[in-house]
Amino acid sequence: MGRMAGRRALLAVPVLAAVTFGVFAVAAASPFDPVKAYAGTAGLSASQENLDQLRVNLGVDQPLVTRWWNWLTSALTGDLGDSSVMRQPVADVIGERLGWSVLLAATAFLVAVVLGTGLGVLAARRPGGLLDRCVSSAAYTLEAAPAFWLGLLAIWLFALELDVLPAGGLTDAASDTVTFGQVATHLVLPAAVLGISQLPWFFLYVRQGVADALDEDPVRGARARGLRERTVLLGHALRSGMLPMLTLIGSRVPELITGALLVETVFSWPGIAAATVQAATSVDFPLLAALTVLATAAVVLGNLLSDLLYAMADPRVGFDG
């Protein structure tokens, strides 16, 4: 397992380097001017000399490769640079927001896995039954529903019509302190929306995997030995049927990140979504590069986690194979 993780870590180094260079290249080709974005309305009346000096101060007067290399070498020492749009160090921008994004994504992922697995097992027990048809139809419908549309629908129903949950934010509007109760209440809608948007894939994979496992000879043999149906279903069929779903975890990480950005924007959740949008529109090179590295690292770790879980669940798969 250690050897496998080491190989993945070595392969991730050139990938992350190429991704950061791509970010700088795309940002350099962008029509947005970082100097005008930084200066704001003051840039409208500023002289060309002042704008040129500001361009030098921000480092955007240097060639593309120079800017990228300077950022990369500084990042390796722990200095991610300063965000021109946020007017603070990039490390502080990420540190203030990353925890809330992780909380949202982790809660949503747990909702998707638990509900998807449970519904998939129940539907696989009786393929073609009422529960199977209803949940499968809902899953195929949700596959085509964008996360932001589900978010707006949830706000309209639960916040405006029923008035049982807050429409967004981290705390109540009149509160100046962050409490566990308020965060938990405000987390319900965005986490549920993001989790439900990811649920169809887990449900369909588990349903198909468990249904196929129930027709395998080992499971039939367990039933022939007189084992209880619950034992056969959870102890034999589910373990075999979960293997295809484990490979899904890594592939869903990019979708989870994208969905989280959309959901954070809809619900005004104080994660990295707002920082990402502002960094992109303002061509904030250091912040853009750091956020992209963060997202890429999450995808790499997600794929590694899928492989490790698959190898742990199936002894026939070796960690170093």
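As a reminder, the structure under discussion sits directly above these lines.
What you see is a predicted model; the values in this text were computed from it and never measured.

### Considerations on the packing of helix H8 (residues 147–161) against helix H9 (residues 180–214)
When two helices pack together, their arrangement is captured by the angle between the axes and the distance separating the axes.
Stage number 1. With their axes 9 Å apart at the nearest point, H8 and H9 run at an angle of 140° to one another. In terms of axis orientation, H8 runs oblique to H9. Relative to H9, H8 is oriented so that their crossing is right-handed. Side by side, H8 and H9 meet where Ala147, Leu150, Gly151, Ala154 and Phe158 of the first sit next to Leu189, Val193 and Ser197 of the second.

### Thoughts on helix H5 (residues 64–76)
Stage number 1. Given a rise of 1.5 Å per residue, 13 residues ought to cover 18 Å, and the 19 Å separating the end C-alpha atoms of H5 matches this to within 8%.
Stage number 2. If you check which residues of H5 are buried, you get Arg67, Trp68, Trp71 and Leu72. The buried residues of H5 all sit within an arc of 125° when viewed along its axis, so they share a single face.

### Quick word on the nonpolar core
Stage number 1. Phe24, Trp71, Phe285 and Leu287 are the most contacted members of the largest nonpolar core, which has 24 residues in total.
Stage number 2. Elements with a minimum of two residues in this core: helix H1 (2–28), helix H4 (48–58), H5, helix H6 (90–125), helix H12 (273–281) and helix H13 (285–313).
Stage number 3. Excluding residues that lie within four positions of it along the chain, Trp71 makes contacts with Thr20, Phe24, Leu80, Pro286, Ala289, Ala290 and Val293.
Stage number 4. Listed in part, the 22 residues of the second largest apolar core include Ala147, Ala159, Leu256 and Phe267.

### What to know about a nonpolar patch on the surface
Stage number 1. A surface patch of nonpolar side chains, amounting to about 1100 Å² of accessible area, comprises Phe148, Trp149, Leu152, Leu153, Trp156, Leu157, Phe158, Leu160, Leu162, Val164 and Leu262.
Stage number 2. Looking at the nonpolar patch, the element that brings in the most residues is H8, giving eight residues.
Stage number 3. Within the secondary structure, Leu262 is located in helix H11 (residues 229–267).

### With respect to the environment of Phe285
Stage number 1. Its place among the elements puts Phe285 in helix H13.
Stage number 2. Residue class for Phe285 comes out buried when judged on its relative accessible area of 8%.
Stage number 3. Sequence separation between Phe285 and Val85 is 200 residues, and the spatial gap between their C-alpha atoms is 10.0 Å.

### Brief notes about the environment of Asn303
Stage number 1. Mapping Asn303 onto the fold places it in helix H13.
Stage number 2. Asn303 sits in the partly exposed class, given a relative accessible area of 33%.
Stage number 3. On a C-alpha basis, the gap between Asn303 and Thr247 in space is 7.9 Å, while along the polypeptide they are 56 residues apart.

### Notes on H9
Stage number 1. An ideal rise of 1.5 Å per residue puts 51 Å on 35 residues; H9 reaches only 43 Å between its terminal C-alpha atoms.
Stage number 2. The sharpest bend along H9 measures roughly 40° and falls at Leu199, with the proline Pro200 sitting one to four residues further on.

### Quick look at the packing of aromatic side chains
Stage number 1. On inspection of all chains with the given rule, the structure shows four aromatic pairs.
Stage number 2. Both rings, one in Trp68 and one in Trp69, keep their centres 6.1 Å apart while their planes meet at 55°; by these two values the pair is tilted.
Stage number 3. Exposure remark for Trp68: the relative accessible area of 14% places this residue in the buried category.
Stage number 4. Under the relative-accessibility criterion, Trp69 is labelled partly exposed at 48%.

### Describing unusual backbone geometry
Stage number 1. Of note in this structure, Arg87 is not a glycine but carries a positive phi near 55°.
Stage number 2. The residue Arg87 is located in the loop between strand S1 (82–83) and strand S2 (88–89) in this model.

### Topic: the packing of H6 against H9
Stage number 1. Between H6 and H9, the least distance of the axes is 4 Å, while the angle of their chain directions is 35°. The crossing of H6 and H9 is right-handed.
Stage number 2. Grouping the amino acids of the contact of H6 with H9 by side-chain chemistry returns 26 nonpolar, six polar and two charged.

### Notes on the environment of Val183
Stage number 1. For Val183, the position within the fold is in helix H9.
Stage number 2. Separated by 83 residues in sequence, Val183 and Trp100 have C-alpha atoms that sit 9.9 Å apart.
Stage number 3. The contact partners of Val183, leaving out residues within four places of it in the chain, are Trp100, Leu103, Leu170, Val178 and Trp269.

### What about the side chain of Thr117?
Stage number 1. By the element assignment, Thr117 lies in helix H6.
Stage number 2. Not counting residues within four places of it along the chain, the set of residues in contact with Thr117 comprises Ala112, Val206, Leu238, Met242 and Met245.

### Some words on the pattern of salt bridges
Stage number 1. The full count for this structure, using the stated rule, is two salt bridges.
Stage number 2. In this structure, Glu96 engages Arg97 in a salt bridge whose closest nitrogen and oxygen atoms are separated by 3.4 Å.
Stage number 3. A relative accessible area of 18% places Arg97 in the buried class.
Stage number 4. When the shortest N-O distance is used, the salt bridge between Arg207 and Asp132 registers 2.6 Å. With Arg207 in helix H9 and Asp132 in helix H7 (residues 130–143), the pair connects residues that are 75 residues apart, well separated along the chain. One exposure class covers both Arg207 and Asp132, and it is buried.

### A short note on the side chain of Arg207
Stage number 1. Arg207 sits in the buried class, given a relative accessible area of 19%.
Stage number 2. Polar contacts involving the side chain of Arg207 include one to the side chain of Asp132, which spans 2.6 Å.
Stage number 3. Ignoring sequence-local partners within four residues, the contact set of Arg207 consists of Gly120, Ala123, Ala124, Asp132 and Ser136.

Scoring rules and cut-offs
- Residues numbered from 1 in each chain as written.
- Predicted model: local features only at pLDDT ≥ 70, side-chain atom pairs only at ≥ 80, totals over all residues.
- Heavy atoms only, no water.
- Axes fitted to C-alpha atoms, helices over the stretch in contact; angles between N-to-C directions.
- Helix = DSSP H or I, 4+ residues; strand = E, 2+ residues; numbered from the N terminus.
- Parallel < 35°, antiparallel > 145°, perpendicular 65-115°, else oblique.
- Left-handed = near helix turned anticlockwise from the far one by under 90°.
- Contact = heavy atoms within 4.5 Å.
- Expected span 1.5 Å × (residues − 1).
- Buried < 20%, exposed > 50% of the residue type's maximum accessible area, 1.4 Å probe, protein only.
- Arc of directions from axis to C-beta.
- Core = buried A, V, L, I, M, F, W, Y, C linked by side-chain atoms within 4.5 Å.
- Patch = residues over 30% accessible without salt bridge, like charges linked within 9 Å, V, L, I, M, F, W, Y side chains within 5 Å.
- Areas by Shrake-Rupley, 256 points an atom, 1.4 Å probe, with all protein chains shown as cover.
- Salt bridge = Lys/Arg side-chain N within 4 Å of Asp/Glu carboxyl O.
- Bend = angle between axes of the 7 residues up to and from the residue.
- Phe/Tyr/Trp six-rings, centres within 6.5 Å; stacked < 30°, edge-to-face > 60°.
- Nonpolar A, V, L, I, M, F, W, Y, C, P; charged D, E, K, R; others polar.
- Polar contact = N/O pair within 3.5 Å; in protein donor to acceptor, adjacent residues only side chain to side chain.

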